[in-house]
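# Analysis of the macromolecular model
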Amino acid sequence: MLLGDFGADVVKVEHPSKPDPSRGHGPGGLWWKVLGRNKRTMTLDLSMPEGQDVLLALVRDADVVIENFRPGTLERWNLSYDRLRAANPRVVLARVTGFGQFGPYAARPGFGTLAEAMSGFAAMTGEPDGPPTLPPFGLADGICALATAYAVMAALRARDSTGAGQVVDLSIVEPILTVLGAQPTIYDRLGIVPARTGNRSVNNAPRNTYRCADGTWVAVSTSAQNIAERVMRLVGRPEYIAEPWFATGAGRVEHADELDAAVAAWIGARTRAEVLSAFEEAQAAIAPIYDVRDVLADPQLKALDAVTTVEDPDLGPLRMQNVMFRLSDTPGRISWPGRPHSADTTAILTELGFSPSDVDKLRERGVV
């Protein structure tokens, strides 16, 4: 999806009788409308020699093949990288798996939930006296997708110099482990194991969610020293600023209870509109805690067209997240939402030189 947003001709290959499970995810199958956007869809049974031949015909003119089967699956289908490279020496093969192509867990099935558990994310997420907490969405999957797009672009850039493709080996665990920060280094040097801190930060305070008088919520961050000072002046506790411990984020964390109490009391006596206005005037960092209704109504996100409208042939106008950044000269775009299973099989096979009778024979044999 991320590559297709910026012009890649993405061909999604699915089994003829077993559509991708993501088509059934979420209410009404709408998740596929987003995930499958800008992709052409075709079907191939890669366990059949004829299906392998069709895939190799695709590979001959492709820049990248992305697969997320368990290690050894492509090899079992006689589609190893050596064979792909024989068809196209410039092709990049991105292999995304639960645990990587080698090691004691390589053969295990893997999902984002397992990566969120094994990376350390769940252990440090949640309230101090509560259980480890998993996100209610595909966090590790999304981070892995960003990493895969980055890895593909790095491999293609290297190809500009070498003229040859290569293999990208990426597990779902590694990207989320990377974005969790310096925990392995801190443990290695200091023996510190991150604890669950709820909405608090181990790096600065006050940092939390706070309830307003009208029952709504806001989030406050004081990652910069000058912001922390502005917040304390705003909530009527400027005396804290003169304390020696207030001069660093680590020092403020040790006094998070009293800082939180001061901020919570001030915010709790005011409506969210009053709180946001006062923080903005003080140039302190704050954000309302939104649900999806608020996201769609927010004027800043509207100005960015962060959620845009795409025309769907079945459902009509469909709102979804836009491409995630803007390029000044070559902007991305959503050309179409996720398409039906096998919608483009005939067109793609025709592009590859298959005649109508050839396509009919492939369908009769269950190859497509």
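Placed above this text is the structure.
Residues numbered from 1 in each chain as written. Predicted model: local features only at pLDDT ≥ 70, side-chain atom pairs only at ≥ 80, totals over all residues. Heavy atoms only, no water.

### Things to note about the sheet that holds strand β4 (residues 92-97)
Definition in use: What makes two strands pair is DSSP finding at least two bridges between them. By the criteria applied, helices consist of DSSP H or I runs no shorter than four residues and strands consist of E runs no shorter than two, each listed in order from the N terminus. Fitted lines through C-alpha atoms serve as axes, helices being fitted only where they are in contact, and the angles separating the N-to-C directions of these axes extend from 0 to 180 degrees.
Taken together, the three strands give an open sheet; going across it, the order is β3-β4-β5, and neighbouring strands pair in parallel fashion. Among the strands making up the open sheet, the edge pair consists of β3 (64-67) and β5 (167-171). Pairs of neighbouring strands in the sheet enclose a mean axial angle of 15 degrees, with direction left out of account. As paired strands, β3 and β4 are joined by four bridges and run parallel to one another. The partner of V65 across the bridge, within β4, is L93.

### Quick word on the nonpolar core
The criterion, for reference: Here, the term nonpolar core denotes a set of buried Ala, Val, Leu, Ile, Met, Phe, Trp, Tyr and Cys residues that are joined through side-chain atoms within 4.5 Å. Classification of residues uses two cut-offs on accessible area relative to the type maximum, computed with a 1.4 Å probe and protein chains only: under 20% is buried, over 50% is exposed, and between them is partly exposed. In what follows, residue pairs with any heavy atoms lying within 4.5 Å of each other are defined as contacts.
The biggest cluster of nonpolar side chains holds 24 residues, and the ones touching the most others in it are V231, M232, W266, I267 and F279. Listing elements by their share of this core, those giving two or more residues are β7 (217-220), α9 (225-234), α11 (256-268) and α12 (272-282). Per-element tally for this core: the top contributor is α11, with six residues. Among all residues touching W266, those that are not within four sequence positions of it are L234, V235, V275, A278 and F279. Counting residues in each nonpolar core, the second largest holds 23 residues, with L46, M48, L58 and V359 among its members.

### Regarding the sheet that holds strand β8 (residues 286-288)
The three strands lie next to each other as β6-β7-β8, forming an open sheet whose pairing is antiparallel. The open sheet is flanked by β6 (208-211) and β8, the only strands paired with a single partner. Pairs of neighbouring strands in the sheet enclose a mean axial angle of 30 degrees, with direction left out of account. Note that β6 and β7 share four bridges and pair antiparallel. Within the sheet, the bridge partner assigned to N208 lies in β7 and is V220.

### Some details on the pattern of salt bridges
The test is simple: One speaks of a salt bridge when a side-chain nitrogen belonging to Lys or Arg is within 4 Å of a carboxyl oxygen belonging to Asp or Glu.
By the definition in use, this model includes 20 salt bridges. For D53, the salt bridge is made with R83, and the minimal N-O distance between the two is 3.8 Å. Pair noted here: D53 is in helix α2 (residues 49-59) and R83 is in helix α4 (residues 81-87), with a separation of 30 residues, a long-range link. Across the salt bridge formed by D82 and R85, the nearest N and O atoms sit 2.9 Å from each other. With D82 and R85 both in helix α4 and three residues apart, the pair spans about one turn of that helix. Using a relative accessible area of 53% as the deciding quantity, one classes D82 as exposed. If you follow the salt bridges from partner to partner, you end up with D9, R40 and E351 in one network.

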